Amino acid sequence: FWLCTVCCMDLPVTDTEDVSYVSSPYLPNCLRMGTTPMLDNAKRAHESASGETAIQDELSEALYLMNVHVLVAEYVPVGENQMIGMNERLGSLDRCKGGMFTATVDRSPTDTQFNVATGLTNVRVLDFENIRCVNVEAEINYPEDDGIVQVEYFGIHISSAGSVFYGLRVDAVEDRMGDRTSLDHLSRVLVDIHQDSSRILHDVLSDFQRQMLDILHRGETANRPKFNIVIADEIVPFEDAQSYVQKSEFANELRQVGKLHEELRN
């Protein structure tokens, strides 16, 4: 007979290299129901340059994007009853809307103190319809590695149909302002958005919804797939669509943030 030895180890191939960046919350007008202005962090864009980076690779740049807005979309089981409950938890009908949220359960509700780990989500309700949807602005306070500076704000749209959108405007990444966003940097920002948006939603969902998500994704809720929508005022250099597919230096950079359709080759 044969004796087989199995060795298991954690490899760093899927580890994300954090970058410092500043963002402002964003939601397109088609998702808004009111006129409450969202926070503008453009004045804090310089803070990104004071942070450090975890990127180990030597980067090259063939093109860049100007004034980038990002939307990340996913499906979450909601329904009208859960939508009403979510608006109640967020305090949408209260005089003081929103607040600090966490999924941690208070096991000693009679105590005068409630200790939670660092990383609460600060939520401000923008507008809502009680059984249809809610739009909020979320400030992310999750701890980062030493030296990493992230001023991270999301706009979040949650509807009773199950569609959820997380939106932000990229004001600066590393030492780059928003009018010259590198795709190398943007790809790492997108991974960070995927991770943090899952944690944000986990804090505001009910126990039933968290269980449904766990069943839907077979226990891999934290790694569930999402859709990226990247909107930019301009891509530099600007060329016809076929050039971005046929020229390898362009295609390789664009594939960092999305799939290139074969139809562009025709």
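The structure this text deals with has already been given above.
Rules used throughout
- Residues numbered from 1 in each chain as written.
- Predicted model: local features only at pLDDT ≥ 70, side-chain atom pairs only at ≥ 80, totals over all residues.
- Heavy atoms only, no water.
- 1 Å grid on protein atoms, 1.4 Å probe; cavity = no way out; pocket = protein on both sides within 12 Å on 5 of 7 lines; lining within 4 Å.
- Points joined across faces, edges and corners; volume = space filled by probe spheres on them.
- Helix = DSSP H or I, 4+ residues; strand = E, 2+ residues; numbered from the N terminus.
- Nonpolar A, V, L, I, M, F, W, Y, C, P; charged D, E, K, R; others polar.
- Expected span 1.5 Å × (residues − 1).
- Polar contact = N/O pair within 3.5 Å; in protein donor to acceptor, adjacent residues only side chain to side chain.
- Buried < 20%, exposed > 50% of the residue type's maximum accessible area, 1.4 Å probe, protein only.

J.: Help me out: how do you make sense of empty space enclosed by the protein in this one?
T.: Over the atoms, a rolled probe matching the size of one water molecule traces out where space is still vacant. All told, the structure shown has one cavity of 30 Å³ or more when counted by the stated rule. What lines the largest cavity is simply Leu-90, Val-123, Val-134, Val-136, Ile-156, Ile-158, Ile-200 and Val-204. Among the secondary structure elements, those contributing two or more residues to the lining of the largest cavity are β5 (133–140), β7 (153–159) and α2 (183–204). The residue makeup of the lining of the largest cavity, split by class, is eight nonpolar, no polar and no charged.

J.: So what exactly am I meant to see when it comes to α2 here?
T.: One turn of an α-helix holds 3.6 residues; hence residues three or four places apart share an orientation. Compared with the 32 Å implied by 1.5 Å per residue over 22 residues, the 31 Å span of α2 between its first and last C-alpha is a close match. With a side-chain oxygen lying 3.2 Å from the backbone nitrogen of Asp-184, the N-terminal cap of α2 falls on Ser-182.

J.: What am I meant to see in unusual backbone geometry here?
T.: Generally, phi is negative for residues other than glycine and the peptide bonds are trans, each holding for most cases. Here the bond from Val-236 into Pro-237 is cis, since omega is 0 degrees, no more than 30 degrees from zero. Within the secondary structure layout, Pro-237 lies in the loop between β11 (227–236) and α4 (241–246). Even without being a glycine, Asn-67 presents a positive backbone phi close to 55 degrees. You can see Asn-67 is positioned in strand β2 (residues 64–75). By relative accessible area, which is 32% here, Asn-67 ends up partly exposed. Although it is not a glycine, Glu-174 sits at a positive phi angle of roughly 55 degrees. Residue placement: Glu-174 occurs in the loop between β8 (163–173) and β9 (176–177).

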